[in-house]
Amino acid sequence: MTALMILFGVLGAIGVLLTVTLLRRGGRRTDTVEGLLQEQESLRQAEADRVSFGLGAHNSLPTASDGYIRRSGRR
């Protein structure tokens, strides 16, 4: 029973630590140019992935041409 209480205590402490860490970050965006460029590229890549692999929108499996279009930057 003691081991179970210790386990729940450790899991609770980890949860609190993660919550505090995320709240301290506060969703701030980066201030450096390099960070902004990386963030923009990540957003562009995520959008391309959603378009390319959105099975609901295309109603088909992704093809090799979808990957080619995404890599070359064309849509």
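Residues numbered from 1 in each chain as written. Predicted model: local features only at pLDDT ≥ 70, side-chain atom pairs only at ≥ 80, totals over all residues. Heavy atoms only, no water.

This paragraph deals with the overall build of the chain. Within the chain one finds 4 helices and 0 strands. For the chain, the residues scored as buried account for 7% of the 75 residues in total. A total of about 6700 Å² of accessible surface is found on the chain, and carbon and sulfur atoms cover 64% of it. (Helix = DSSP H or I, 4+ residues; strand = E, 2+ residues; numbered from the N terminus. Buried < 20%, exposed > 50% of the residue type's maximum accessible area, 1.4 Å probe, protein only. Areas by Shrake-Rupley, 256 points an atom, 1.4 Å probe, with all protein chains shown as cover.)

All right, on to the pattern of salt bridges then. Evaluation of the coordinates by the stated rule reveals 1 salt bridge. For Glu41, the salt bridge goes to Arg44, with nearest N and O atoms at 2.8 Å. Of the two residues, Glu41 and Arg44 both sit in helix α2 (residues 33–53), 3 residues apart, roughly one turn of that helix. Among the residues examined, Glu41 registers a relative accessible area of 41% and is labelled partly exposed. Overall, the relative accessible area of 43% leaves Arg44 in the partly exposed class. (Salt bridge = Lys/Arg side-chain N within 4 Å of Asp/Glu carboxyl O.)

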